[in-house]
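A closer look at the structure
Below, each chain spelled out in residue letters.
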There are 2 protein chains.
Amino acid sequence: MLSTACKDAIRAMIYIAKNNKDDFISISEIAKELNLSFYFLSKILQKLVKGELLKSYRGPNGGVKLAKSAEDIRLIDIIEITDGTKFFSECILGLEKCSDNNPCPIHYMWADKRGEIQKMFESTTLKDIVEDINKLQCIKL
Amino acid sequence: MLSTACKDAIRAMIYIAKNNKDDFISISEIAKELNLSFYFLSKILQKLVKGELLKSYRGPNGGVKLAKSAEDIRLIDIIEITDGTKFFSECILGLEKCSDNNPCPIHYMWADKRGEIQKMFESTTLKDIVEDINKLQCIKL
DNA sequence: AATTAAAATGCTTTCCACAGCCTGTAAAGA
DNA sequence: TCTTTACAGGCTGTGGAAAGCATTTTAATT
Ligand code: FES
Ligand code: FES
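This write-up is about the structure you can find in this document. On a predicted model such as this, the values are computed, not experimentally measured, just so you know.

Once that is clear, we can look at the protein's contact with DNA strand D. By nearness alone, 23 residues border DNA strand D, and I27(A), K43(A), S56(A), K43(B) and Y57(B) come closest of all. The contact atoms of DNA strand D, taken as those within 4 Å of the protein, divide so that sugar and phosphate hold 67%. Side-chain polar atom of K43(B) to a base oxygen of DNA strand D: 2.3 Å apart, as the coordinates give it. The side chain of Y57(B) places a nitrogen or oxygen atom 2.5 Å from a phosphate oxygen of DNA strand D. Across the surface near DNA strand D, the residue classes tally to eight nonpolar, ten polar and five charged.

Structure, rendered in C-alpha cells:
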C-alpha cells in the first residue's frame, strides 16, 4: 500500500521530529539509526526538501531539519510527496474512473474504508506521533 | 495494495459467478469480456483451480466454473490464494513483528483500520456481489 | 484415426521499484 | 586557498511482477 520509499520517509520524519532542535541532523546519522540505505534515504529526503517539509544545509555540520513546526506536518503530506494520492482515488479493482456514478462491484464498501484511511493520515501530525512515543515508552522506530 | 493478479482474479471470479451455469466458461471469453491478457489470466486462474475455488475442464467446450456455491466463496479466499495475507499482519512502516506488544508509532490506528478491511473481505461473498450487481444495474466490470 | 478446441505449463521478455555507486556542488575550518 | 564534510543528482545494476510466446496434454467431434 505505501511504497518502501514512503515508509522510510515517514520513519525518517518521525526520527527528525523526535530529535528536533535548532541544528541540522545528518542523513547518515538517520540512516544508521533507522537501519536504512544511506543512498536511498538521501534521495527520499531530497524529495521532502523540494516538497518543503524539510530544510537542508550542505557542508560540515550540515544535514536536514523540519521546515515547519511538527504540528503542521501531517502524515498525508509525506505520503503525497513520496507516493502521490492515487491510492485514495483509484478503483481497488484497477478499473477506470472510480466514482459513485461509475462504481465497480465493491466500490461502495471500499470507498468507505479508503476514506477512513485518508482521514486517519490527514488528522495525524508529527507532533501527535512524538507525543505518543513519549507517553508510551515501548515504541520502536 | 492488491496486486494486479489479484484484481484480475476478483474481476474474473465475479464474472464467472454472474454467468454461473452448469457448463464451463472459456478463459478466452473471460479475458475478452474483461479486457485482460489471455496469457496472464490463464495463470491466475490456474492458481485458483489449485486453490479449489474453480474447477477446470480441458478440450472442446472446456473452461472453468465455480468449484463451490457462490455464497461459499469469500473475497478473502481469492486474495489469500493470489497475494497471501501478509498485508493483514505486516507493519505498515515495514518494521518487523507487528504486534500490540511491539508497536510502531502508528501501529494502533493502523491495526484498527487494517482489521476492518480484513473483516470486509471476510464477510463479502461472490453471492453478495452478484446480488448487488443485479440490484443496482449501473455496475461496471 | 484425424482434427480441433481449450487448459496446463515452461521459457523468455519487458518493466519498474528498489538499491548502490560515483561525481558535482555548497559550506566550514584551518 | 586547500581540505574536509555533507547534500544534490546522475548513472547503473538487480529482483520480482507482469506479459507474451510456444509447446504439451486432454477431450470432443467428425
Ligand atoms: S470503482 Fe472500484 S473502488 Fe471505486
Ligand atoms: S508495528 Fe507497525 S503497524 Fe503494527
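There's more to say after this.
Right, let's get into the environment of E90(A). All names here are of chain A. Within the secondary structure layout, E90 lies in the loop between α4 (75-82) and α5 (107-122). The class of E90 is partly exposed, set by a relative accessible area of 43%. With 69 residues separating them in the primary sequence, E90 and K21 have C-alpha atoms 39 Å apart. Look past the residues within four positions of E90 in its chain and what remains in contact with it is C98, W110 and R114.

Residue and element names in this part refer to chain A. Running from amino to carboxyl end, helix α1 (residues 4-18) crosses α4 at an angle of 140 degrees, the nearest separation of the two axes being 9 Å. Comparing the axis directions of α1 and α4 gives the class oblique. Where α1 crosses over α4, the handedness of that crossing is right-handed. In this structure, α1 uses A5, C6, A9, I10 and M13 to contact α4, whose residues at the interface are L75, I78, I79 and T82. A class-by-class count of the residues in the contact of α1 with α4 yields eight nonpolar, one polar and no charged.

Let us now look at unusual backbone geometry. The residue N35(B) is not glycine, and still its phi comes out positive at about 60 degrees. Within the secondary structure layout, N35(B) lies in the loop between α2 (27-34) and α3 (38-50).

With that settled, the discussion passes to the pairing of strand β2 (residues 63-66) of chain B. Where strand β1 (residues 54-57) of chain B lies against β2(B), four bridges are found, and the strand directions are antiparallel. Its bridge partner being in β2(B), Y57(B) is matched across the sheet by G63(B).

Looking now at the side chain of R11(A). Within the secondary structure layout, R11(A) lies in helix α1. Notably, R11(A) is buried but unbridged: the nearest opposite-charge side chain belongs to D8(A), and the N-O separation is 4.6 Å. A distance of 2.6 Å separates a polar atom in the side chain of R11(A) from the backbone oxygen of L141(A). Every residue in contact with R11(A), bar those within four places of it in the chain, is listed here: L34(A), L36(A), L141(A), L93(B) and L95(B).

Turning our eyes to something else, we now look at the interface of chain A and chain B. At the junction of the two partners, chain A supplies 36 residues and chain B supplies 36 residues. In total, about 3100 Å² of surface goes out of reach between chain A and chain B, with carbon and sulfur atoms giving 77% of it. Run the count over chain A and chain B and you get two salt bridges. Residue K113(A) pairs with E116(B) through a salt bridge whose shortest N-O separation is 3.7 Å. Where chain A touches chain B, the interface holds eight residue pairs in polar contact (both at pLDDT 80 or more). At the level of secondary structure, the elements contributing two or more residues to the side of chain A that touches chain B comprise α1, α5 and α6 (126-135) of chain A. A total of eight residues in the side of chain A that touches chain B trace back to one element, the largest contributor, which is α5(A). When grouped by side-chain class, the residues that make up the side of chain A that touches chain B number 26 nonpolar, three polar and seven charged.

A few words now on the environment of K68(A). Residues and elements named next belong to chain A. Counting through the fold element by element, K68 comes out in the loop between β2 (63-66) and α4. For the pair K68 and E52, spaced 16 residues apart in sequence, the C-alpha to C-alpha distance is 8.5 Å. In contact with K68, other than residues within four places in its own chain, are E52, L53 and I73.

Residues and elements named next belong to chain A. Here the structure, examined in full by the defined rule, presents ten aromatic pairs over all chains. Consider the rings of F87 and F88, whose centres lie 5.1 Å apart with planes at 90 degrees: the pair is edge-to-face. Taking the relative accessible area as the measure of exposure, F87 reaches 19% and is therefore buried. When the ring of F87 is compared with that of W110, the centres are 6.1 Å apart and the planes differ by 85 degrees; the resulting orientation is edge-to-face. With F87 in the loop between α4 and α5 and W110 in helix α5, this residue pair connects regions lying 23 residues apart in the sequence. Classification of W110 as buried rests on a relative accessible area of 2%.

Conventions adopted
Residues numbered from 1 in each chain as written. Chains lettered and ligands numbered in written order. Predicted model: local features only at pLDDT ≥ 70, side-chain atom pairs only at ≥ 80, totals over all residues. Heavy atoms only, no water. Near = heavy atom within 4 Å. Polar contact = N/O pair within 3.5 Å; in protein donor to acceptor, adjacent residues only side chain to side chain. Nonpolar A, V, L, I, M, F, W, Y, C, P; charged D, E, K, R; others polar. Helix = DSSP H or I, 4+ residues; strand = E, 2+ residues; numbered from the N terminus. Buried < 20%, exposed > 50% of the residue type's maximum accessible area, 1.4 Å probe, protein only. Contact = heavy atoms within 4.5 Å. Axes fitted to C-alpha atoms, helices over the stretch in contact; angles between N-to-C directions. Parallel < 35°, antiparallel > 145°, perpendicular 65-115°, else oblique. Left-handed = near helix turned anticlockwise from the far one by under 90°. Pairing = 2+ DSSP bridges. Lys, Arg positive; Asp, Glu negative; His and termini not counted. Salt bridge = Lys/Arg side-chain N within 4 Å of Asp/Glu carboxyl O. Buried area = accessible area lost by both parts, 1.4 Å probe. Phe/Tyr/Trp six-rings, centres within 6.5 Å; stacked < 30°, edge-to-face > 60°.

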